[in-house]
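What the coordinates show
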Amino acid sequence: MKILLLNGVNLNTLGSREPVLYGTTTLGDIEQRFAEKAAALGVETLAYQTNLEGELVNFIHQQAPAADGIIINAAAWTHYSIAVRDALGAVAKPFVEVHISNVYAREAFRHHSVLSDKAVGMITGLGWRGYLAALEALVGMLREQPAQGA
C-alpha cells in the first residue's frame, strides 16, 4: 500500500511561522514521524511540498495513479483552489484533508474548504498529530475495503 503525503503553500516554513498557531515542529519533523508511523503500519509513503499550485496539480497527476490514497494539507489552497480539487477528482483516490490549526476557530474565510466534500475525512486542530491520525484512519479504511473483483 502506498500513501502520498501532500503539503501546500507556506508549509515549508513550519517551525518558524507563527509558532503560537502552528507550533515549532518543522515539516521535516512531520514527514519523518509520518514515515515512521507508515513503516510501523507496513505502508510506503511519498511526501511532497510545494508553494506553486500547478506543481501540486502536476504531482497529483503523475504520482496518485500508483498510490492507494492521499493525505493532503492544501493550506491556503483549501479555500479556493478548484485546480487542486479537480486534480484530486481526476485521480479518484481516497484522501483525507488535514489542517494543523483549528480552521473553525480562525477567520471566517478559513471555515470553507473546496476539498472537504470530496474527502473521505477531515482532521483539523490536532497539530502535527493530525497527520498521523489521518494516516491511521486512511490505512484502516483502505484495508477494510473488499478486494477488487471479489
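For the structure, check the block above.
All figures in this text were calculated on a predicted structure; none of them were measured in a lab.

The rules behind each value
- Residues numbered from 1 in each chain as written.
- Predicted model: local features only at pLDDT ≥ 70, side-chain atom pairs only at ≥ 80, totals over all residues.
- Heavy atoms only, no water.
- Helix = DSSP H or I, 4+ residues; strand = E, 2+ residues; numbered from the N terminus.
- Buried < 20%, exposed > 50% of the residue type's maximum accessible area, 1.4 Å probe, protein only.
- Contact = heavy atoms within 4.5 Å.
- Areas by Shrake-Rupley, 256 points an atom, 1.4 Å probe, with all protein chains shown as cover.
- Core = buried A, V, L, I, M, F, W, Y, C linked by side-chain atoms within 4.5 Å.

**Overview of the overall build of the protein chain**
Helices and strands together make up the secondary structure of the protein chain, namely five helices and five strands. Reading the protein chain from its N end, one meets helices and strands in the order β-α-α-β-α-β-α-β-β-α. Considering only C-alpha atoms, the protein chain reaches an extent of 50 × 30 × 25 Å along its principal axes. When each of the 150 residues of the protein chain is scored for burial, the buried share is 42%. Looking at the protein chain alone, contacts between residues at least 24 apart form 76% of all its contacts between residues at least 6 apart. As displayed, the protein chain offers around 7,300 Å² of accessible surface, 52% of which is attributable to carbon and sulfur atoms.

**Regarding the nonpolar core**
Counting residues in each nonpolar core, the largest one holds 44 residues, and the members touching the most others are Ile 3, Ile 60, Ile 70, Ile 71, Ile 72 and Tyr 131. Going through the elements one at a time, strand S1 (2-7), helix H2 (27-41), helix H3 (53-63), strand S3 (69-73), helix H4 (82-91), strand S4 (95-99) and helix H5 (129-144) are the ones with two or more residues in this core. With seven residues, the top contributor of residues to this core is H5. In contact with Ile 70, not counting residues within four places along its chain, are Leu 4, Leu 6, Ala 64, Leu 88, Val 91, Lys 93, Pro 94, Phe 95, Val 96 and Leu 138.

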